[in-house]
Amino acid sequence: MTRLPVFAALLLSACALPATPPALPPVTGASAPATTGTQAPASQAIRDRPATILVSIDGFRPDYLHHGDTPHLDAIAAAGVSGSMYPSFPSITFPNHYTLVTGLRPDRNGIVSNTMEDPAKPGALFQLSDTKVTHDPDWWNEAEPLWVTAERAGILSGTMFWPGSDLPIRGMRPHDWILYDADYTSAQRVRTVLDWLRRPAGERPGFVTLYFDTVDKASHHDGFYAPQKTAAIRDVDAQIGVLRAGLAQIGRPANLVIVSDHGMAPVPIDQRIDPASVAPPATTRTLGWGPLVAVYPRDGVDPRTLDASVGRHAHDQCWRRESLPARFHYGRNPRVAPVICMADTGWSFADRPAGYVRGDHGFDPRDPAMRALFLAQGPAFRSGRRLAPFDNVDVAPLLRDLIGLPPGQGLDGTDQTFRAVLRPERLDR
Ligand code: AMP
Ligand code: ZN
Ligand code: ZN
């Protein structure tokens, strides 16, 4: 794809403007700390560009489309571009969300798991529920998310949730961001995004993220086949409809990119693996459960005892981090545990049975059940196109093109994947 000739001009004009425009009013309806952070200047050319809106529907499988539950998403697929993506290893939430906005696989972006340790930070345990730890920028500073790159280029960004978006990374925050709060309804999230986009030129974001967690949650907590999951799919779809209607009413063109971070697989009640079968408690300790378990030697135990864990077992496989399959692109980051065990799809490391057919993810990224959603529609995209499955590292390079950022250096993905579905002549308008 040819690069946009406007970048240099955009960046130069952005730099020429004052660095501190007036403070913005708080976000309407926000129940948490609202706007804060850096406020970058914007040139006329940037202000006129269509907004780029990145939507994530956590745990949404592409084959949930076209079953009568998703009229709005189906309409986007028909009017724009559709396809599916291979998630990066491990096929869980934080690593893949950070990949989507950095273009780097988890091994290189530093968010190697939802739960992790770092030899450089003894005693610290990164886990989603502990914001005192996860809000330490050290965990995130190995990569630069797009909202930071955009802000540096004078393009305002607004993050209606996204892992990493509610803390400063490399010293920068999005222009608008909200502290993660799972109780924030999907409708509130959409309303907040529309409120941002309704602002006058120069105050509204050019890059927006929007995150929905209800489909993933219902799959885990109610079950893969639960009516609550279908209800969540329908509700998110309806909110996408509200978003589209709101955008049409605002009358500002936008490029919409809708993704998921990974798929979801049913885990039958009896398909349970005793974690002690791969990690004897006397000599090892584990992090995580479900499809993936990280194994460490206990303090004072010879690390070679881990050899007993490694290998193919009846319903799982364990690898030393140096010998993981090359296609996982994983194991060089010191945050990766010495041994990683992955259950076969549909199996789970668990102490006790779930009592229902749980939905779960974290299985092999190449398994069709782990496939992630990709949809895109807007002035930059051709209509009614279907893409062959691709790696999710390609999303960030595409977003850079849409936002108007220069190509990233040394990224793991490429925008070439989208060459046939983009209207290059519309990218800078
Ligand atoms: P997973 O365990 O991989 O299914 O992770 C999904 C969960 O991650 C969601 O249900 C949320 O509870 C949590 N989550 C998503 N985004 C954030 C965030 N920005 N901050 C904290 N937790 C989050
Ligand atoms: Zn997820
Ligand atoms: Zn999940």
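What comes next concerns the included structure. All values derive from a computational prediction rather than experimental measurement. (Residues numbered from 1 in each chain as written. Chains lettered and ligands numbered in written order. Predicted model: local features only at pLDDT ≥ 70, side-chain atom pairs only at ≥ 80, totals over all residues. Heavy atoms only, no water.)

### Describing the coordination of the zinc ion (ligand 2)
Spelled out, the test is: Donor atoms (N, O, S) are those found within 2.8 Å of the metal centre, with the cutoff raised to 3.2 Å for Na, K and Ca; water is not part of the atom list, so apparent gaps in a site can occur. Comment: elements are numbered from the N terminus, with helices defined as DSSP H or I runs of at least four residues and strands as E runs of at least two. Working definition: with a 1.4 Å probe on protein chains only, accessible area under 20% of the residue-type maximum means buried, over 50% means exposed, and in between means partly exposed.
The zinc ion (ligand 2) binds to the protein through Asp58 (OD), Asp58 (OD), Thr93 (OG1), Asp261 (OD) and His262 (NE2); the donor distances cover 1.9 to 2.8 Å. Counting the intervening residues between successive donors of the zinc ion (ligand 2) yields the motif D-x34-T-x167-D-H. Between the zinc ion (ligand 2) and the zinc ion (ligand 3) there is a metal-metal distance of 4.1 Å. Taken together, the residues span a long stretch of sequence, with Asp58 in the loop between β1 (51–57) and α3 (71–79) and Asp261 in the loop between β8 (254–259) and β9 (265–267) at a distance of 203 residues. Residue classification places Asp261 among the buried positions, given a relative accessible area of 0%.

### Observations concerning the pattern of salt bridges
Put simply, the test is: Salt bridges are counted wherever a side-chain nitrogen of Lys or Arg sits within 4 Å of a carboxyl oxygen of Asp or Glu.
Enumeration according to the criterion identifies 21 salt bridges in this entry. For the salt bridge of Glu142 with Arg335, the shortest nitrogen-to-oxygen distance reads 3.3 Å. Remark: Arg335 occurs in the loop between β14 (316–320) and β15 (339–343) and Glu142 occurs in the loop between α6 (131–134) and α7 (146–152); sequence separation between them is 193 residues. Judged by relative accessible area, which is 5%, Arg335 ranks as buried. Between Asp213 and Arg189 there is a salt bridge, with its nearest N and O atoms 3.4 Å apart. Remark: Arg189 occurs in helix α8 (residues 186–197) and Asp213 occurs in the loop between β7 (207–212) and α9 (214–221); sequence separation between them is 24 residues. Salt bridges sharing common partners tie together Arg105, Arg366 and Asp391.

### Concerning the packing of α8 against helix α10 (residues 227–250)
So the rule is basically this: An axis is simply a line fitted to the C-alpha atoms; with a helix, the fit covers only the stretch in contact. Between two such axes, the angle follows the N-to-C directions and lies from 0 to 180 degrees. Orientation is classified from the angle alone, with under 35 degrees giving roughly parallel, over 145 giving roughly antiparallel, 65 to 115 giving roughly perpendicular, and any other angle giving oblique. A crossing counts as left-handed when the near helix is turned anticlockwise from the far one by less than a right angle, and as right-handed when that turn is clockwise. Throughout, a residue-residue contact means that at least one pair of heavy atoms, one from each residue, lies within 4.5 Å. When residues are sorted by character, Ala, Val, Leu, Ile, Met, Phe, Trp, Tyr, Cys and Pro go into the nonpolar class, Asp, Glu, Lys and Arg into the charged class, and all the rest, Gly among them, into the polar class.
For the pair α8 and α10, interaxial distance at closest approach is 10 Å and the crossing angle is 15°. By the angle class used here, α8 and α10 are roughly parallel. Relative to α10, α8 is oriented so that their crossing is right-handed. Listed contacts from α10 to Ser186, Ala187, Val190, Val193, Leu194 and Leu197 of α8 are Asp235, Gln239, Val242, Leu243, Gly246, Leu247 and Ile250. Partitioned by chemical class, the residues of the contact of α8 with α10 number nine nonpolar, three polar and one charged.

### Let's talk about the site of ligand 1
So the rule is basically this: One heavy atom within 4 Å of a molecule or strand is enough for the residue carrying it to be called near that molecule or strand. Think of a polar contact as two N or O atoms within 3.5 Å of one another; within protein, one of them needs to be a possible hydrogen donor and the other a possible acceptor, and neighboring residues in sequence only count if both atoms come from side chains. Where accessible areas are quoted, they stem from the Shrake-Rupley method and a 1.4 Å probe; at the residue level, only the protein chains shown are allowed to cover.
In the vicinity of ligand 1, 13 residues are found, and the nearest of them are Thr93, Asn114, Asp216, His220 and His361. The separation between an oxygen atom of ligand 1 and a polar side-chain atom of Thr93 is 2.6 Å. Between ligand 1 and His220, the relevant distance is 3.0 Å, taken from an oxygen atom to a side-chain nitrogen or oxygen of the residue. Across the complex, the protein chains shield 82% of the 500 Å² of accessible surface that ligand 1 would expose by itself. Sorting the residues of the shell around ligand 1 by element identifies α4 (93–102) and α9 as the ones contributing at least two each. Top contributing element to the shell around ligand 1 by residue count: α9, with three residues.

### A few points about the layout of surface pockets
Basically, it comes down to this: A pocket here means an open set of points on a 1 Å grid, computed over the protein atoms alone, that has protein on both sides within 12 Å along at least five of seven lines. A cavity is instead a set of points where a 1.4 Å probe fits but cannot get out; residues with an atom within 4 Å of a point line either one. Grid points are joined across faces, edges and corners, and a volume is the space filled by probe spheres set on the points.
Its boundaries defined by the atoms lining it, the second largest pocket holds a volume of some 390 Å³. Taken together, 19 residues line the second largest pocket, and the ones lying closest to its centre are Trp289, Phe349, Ala350, Asp351 and Arg352.

### A short note on the coordination of the zinc ion (ligand 3)
Here the zinc ion (ligand 3) is held by the protein donor atoms Asp216 (OD), Asp216 (OD), His220 (NE2) and His361 (NE2), which lie 2.0 to 2.5 Å from it. Within one chain, the residues serving as donors to the zinc ion (ligand 3) are arranged as D-x3-H-x140-H.

### Comments concerning the sheet that holds β14
In plain terms, the rule: Strands pair, by our definition, only if DSSP identifies at least two bridges between them.
The five strands are arranged β11-β12-β15-β14-β13 in an open sheet whose pairing can be described as antiparallel. Looking at the sheet topology across the chains shown, the edges are occupied by β11 (284–287) and β13 (311–312). The pairing of β13 with β14 spans two bridges and is classified as antiparallel. Counted as the bridge partner of Gly311 is Cys318 from β14.

### Regarding the nonpolar core
Note the following rule: For our purposes a nonpolar core is just a set of buried Ala, Val, Leu, Ile, Met, Phe, Trp, Tyr and Cys residues, chained together by side-chain atoms within 4.5 Å. Delimitation of the domains relies on an automatic or database domain assignment.
Membership of the largest hydrophobic core comes to 61 residues, with the highest contact counts inside it found for Trp140, Val257, Ile340, Phe374, Phe381 and Leu402. For this core, the secondary structure elements donating two or more residues are β2 (81–86), α4, α7, β8, β12 (292–297), β15, β18 (372–377) and α11 (395–403). When residues of this core are assigned to their parent elements, the largest contribution, six residues, is made by α11. For this core, the domains that each give at least three residues are domain 1 (2–266 + 365–426) and domain 2 (272–353). Apart from residues lying up to four places away in sequence, Ile340 is in contact with Phe89, Leu292, Val293, Ala294, Gln317, Cys318, Trp319, Leu324 and Tyr330. If you look at the next biggest cluster of nonpolar residues, it comprises 38 residues, including Phe60, Val190, Val193 and Val215.

### Some remarks on the state of the cysteines
What counts here: Cysteine sulfur atoms that pair up within 2.5 Å are treated as a disulfide.
Using the criterion set out here, one finds one disulfide in the structure. Two residues, Cys318 and Cys341, share a disulfide whose sulfurs are 2.1 Å apart. The sign of the 110° torsion about the S-S bond sets the Cys318-Cys341 disulfide as right-handed. With Cys318 in strand β14 and Cys341 in strand β15, this pair connects stretches of sequence that are 23 residues apart.

### Quick word on the packing of α4 against α11
Contact geometry of α4 with α11 gives a least axis separation of 6 Å together with a crossing angle of 40°. If you check the angle between α4 and α11, you find them oblique. Two secondary-structure elements touch here, α4 through Thr99, Leu100, Val101 and Thr102 and α11 through Val395, Ala396 and Leu399. Per-class residue counts for the contact of α4 with α11 are five nonpolar, two polar and no charged.

### Details of the environment of Thr284
Among the structural elements, Thr284 can be located in strand β11. Residue class for Thr284 comes out buried when judged on its relative accessible area of 2%. Counting along the chain gives 11 residues from Thr284 to Val295, while the straight-line C-alpha distance between them is 6.6 Å. When sequence neighbours within four positions are dropped, the list of residues in contact with Thr284 reads Ala279, Val295, Tyr296, Pro297, Arg298 and Leu306. One polar contact links the side chain of Thr284 to the main-chain carbonyl oxygen of Pro280, over a distance of 2.7 Å.

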